[in-house]
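# Coordinate inspection notes
What follows is each chain in one-letter form.
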Amino acid sequence: MTTTQNHTSNAIVQKVWSFCHMLRDDGVSYGDYLEQITYLIFLKMAFEYSQPPYNRDVGIPEKYNWKSLTDRTGAELESHYLALLRDLSMRKGLLGQIFAKAQNKIQDPAKLSRLVAMIDETKWTRLGVDVKGDIYEGILEKNAEDTKSGAGQYFTPRALIQAIVECVRPQPDTLIADPAAGTGGFLLAAYGYLEKHADLNAEQKARLKNGTFFGNEIVANTRRLCLMNLFLHGIGEMDGESPISSDDSLVAPSARKVDLVLANPPFGKKSSMTITNAEGEAETEDFVYNRQDFWATTSNKQVNFLQHIYTMLKNNGRAAVVVPDNVLFEGGAGETVRKKLLQITDLHTILRLPTGIFYANGVKANVLFFDNRPAQEKAVTQEVWVYDYRTNVHHTLKKKPMQLADLQDFISCYCPEDRSKRVETYHAENNPDGRWRKFSIDEINQREKTSLDIFWLKDHSLTDLDNLPAPDILADEIIENIEAALENFRNVIGALV
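Note that the structure is a prediction, hence the values are computed from the model and not measured.

In this section: helix α6 (residues 109-120). In an α-helix there are 3.6 residues to a turn, and that puts residues three or four apart on one side. The terminal C-alpha atoms of α6, which comprises 12 residues, lie 16 Å apart, in line with the 16 Å expected from a rise of 1.5 Å per residue. Of the positions making up α6, those classed as buried are Pro-109, Lys-111, Leu-112, Ser-113, Leu-115, Val-116, Met-118 and Ile-119. Sitting at the head of α6, Asp-108 places a side-chain oxygen 2.9 Å from the backbone nitrogen of Ala-110.

Rendered as structure tokens:
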């Protein structure tokens with residue numbers, strides 16, 4: 001993106017966001033405000049596409065098009081906008097999906113008029129896909145910063161997503177899915193990578209737009225944001241079908257096998273439903289996941305998502321999944337799933353992530369990279385490579401956010417072009433602070449509960465008091481650790497209830 005484009009994006013984001021602060025005084029939350037922007041930007045773009053030189057049939061009747069909003073003010077605008085939302089929510093295709101159960105959350109007609117006027121000032125179809133997407137990403141990120149709303153749980157740090165995609169290098173003519181799509185970050189990063197690195201013909205470009213990306217998102221407003229985000233980046237057609245299902249992806253096996261899964265499943269111990277596995281074991285709650293293809297029964301969402309993601313993969317499919325620490329070390333179902341993954345997939349890489357990079361407090365997470373393989377007698381995984389980007393690493397969301405450059409060493413060590421050329425940076429004598437180290441399957445099998453929670457670096461802050469992090473970073477880390485401990489304690493309580 002050019003400097004001019006970036007300036008344009010930032011200016012529009014700031015303008016849109018400054019208006020949000022005024023609406024906050026009226027009790028309109030960031031999430032509700034973002035939802036209204038979703039509706040209005042979509043209507044404005046649809047109107048632009050219906051005009052020359054595009055002249056597209058966008059499925060919106062003239063009486064409910066964008067001009068019908070700009071021609072009205074006051075109470076008349078408010079009542080017309082309500083009728084518009086109700087009508088469009090019943091339409092077919094992506095249009096109806098965007099406006100499903102839509103409501104007007106801006107009660108002041110004068111402020112609704114101002115918002116319409118502000119969006120009307122921008123010619124959205126004249127902006128490049130990168131600029132439109134960047135504007136929307138910027139607004140989504142600001143929404144995620146509002147930690148009280150809980151929106152941050154749907155927002156994976158963009159630097160992390162980019163690093164993961166740089167490692168897995170999506171290929172043309174493949175199916176890519178995210179069963180916990182959130183606002184669509186992983187799918188968009190894969191799309192951007194393919195656009196930048198693949199020499200696509202016309203047929204492949206059409207398939208990239210309509211037949212490459214799939215996902216699930218059960219939270220209605222988040223799914224709405226995801227669909228809009230994808231559309232602004234060039235994925236999907238206004239009158240086409242939705243690439244993001246509203247179904248709970250854990251309820252049943254995926255309808256399609258895919259080549260690549262990229263996901264950051266929702267954190268949280270308790271599932272709202274019960275899992276019944278092949279052995280007939282079950283925990284009684286209100287609903288039942290009757291998944292005969294799961295290896296273990298558990299109420300741990302992340303462990304269930306790992307099992308589900310495995311079932312989504314083609315014979316040589318690949319996955320990169322963000323999981324919290326407990327998935328790496330807890331016993332019971334967690335241990336069963338780890339052993340199974342090591343046995344039947346090549347679980348070749350683990351990236352240990354630092355604290356202070358997620359909007360949700362107390363999150364200690366990792367990225368598991370694994371490839372499916374045809375069945376064989378011996379364990380498919382023969383060695384696991386671990387990159388420790390947690391010990392002695394200090395990030396905060398405000399003052400020192402994680403950047404893609406911070407993960408560049410990991411990407412280099414990963415060797416995306418040929419993993420057989422990997423070289424350890426750790427050496428017991430020559431480089432005990434090396435962050436990149438491999439462990440054989442025999443070493444891992446000897447660990448208690450086949451734990452993959454592996455670390456070896458010394459925490460310098462425990463031994464070198466002269467090199468402590470800045471006080472604010474230290475305070476943030478203390479809060480992170482307390483939050484993490486509380487979350488673990490809640491998990492224990494949840495398991496006892």
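With that settled, the discussion passes to helix α2 (residues 30-50). Look at α2: 30 Å from first C-alpha to last across 21 residues, which is about the 30 Å you get at 1.5 Å a residue. Most of α2 is tucked away, with 18 of its 21 residues classed as buried.

Another point: the environment of Leu-115. If you trace the backbone, Leu-115 turns up in helix α6. For Leu-115, a relative accessible area of 0% translates into the label buried. Sequence-wise, Leu-115 and Leu-40 are 75 residues apart; in three dimensions their C-alpha atoms are separated by 8.6 Å.

Residues Ile-478, Ile-482 and Leu-486 make up a contiguous nonpolar surface patch of about 270 Å² in total accessible area. Note on placement: Ile-478 falls in helix α18 (residues 471-496).

Attention now goes to the pattern of salt bridges. Evaluated as defined, the whole model comprises 16 salt bridges. Where Asp-173 meets Arg-207, a salt bridge forms, and the shortest distance between an N and an O atom there is 2.3 Å. One end of the pair, Asp-173, is in the loop between α8 (158-168) and β1 (176-178); the other, Arg-207, is in helix α10 (residues 202-210), and 34 residues separate them in sequence. For Arg-207, a relative accessible area of 30% puts it in the partly exposed group. Here Asp-325 ties to Arg-390 by a salt bridge, and the two come within 2.8 Å at their closest N and O atoms. One end of the pair, Asp-325, is in the loop between β7 (313-324) and α13 (326-329); the other, Arg-390, is in the loop between β10 (383-388) and α15 (408-414), with 65 residues separating them in the sequence. Judged on exposure class, the residue Asp-325 and its partner Arg-390 are both buried. Connected via shared salt-bridge partners are Asp-346, Asp-371, Arg-373 and Arg-419.

Calculation rules
- Residues numbered from 1 in each chain as written.
- Predicted model: local features only at pLDDT ≥ 70, side-chain atom pairs only at ≥ 80, totals over all residues.
- Heavy atoms only, no water.
- Helix = DSSP H or I, 4+ residues; strand = E, 2+ residues; numbered from the N terminus.
- Expected span 1.5 Å × (residues − 1).
- Buried < 20%, exposed > 50% of the residue type's maximum accessible area, 1.4 Å probe, protein only.
- Polar contact = N/O pair within 3.5 Å; in protein donor to acceptor, adjacent residues only side chain to side chain.
- Patch = residues over 30% accessible without salt bridge, like charges linked within 9 Å, V, L, I, M, F, W, Y side chains within 5 Å.
- Areas by Shrake-Rupley, 256 points an atom, 1.4 Å probe, with all protein chains shown as cover.
- Salt bridge = Lys/Arg side-chain N within 4 Å of Asp/Glu carboxyl O.

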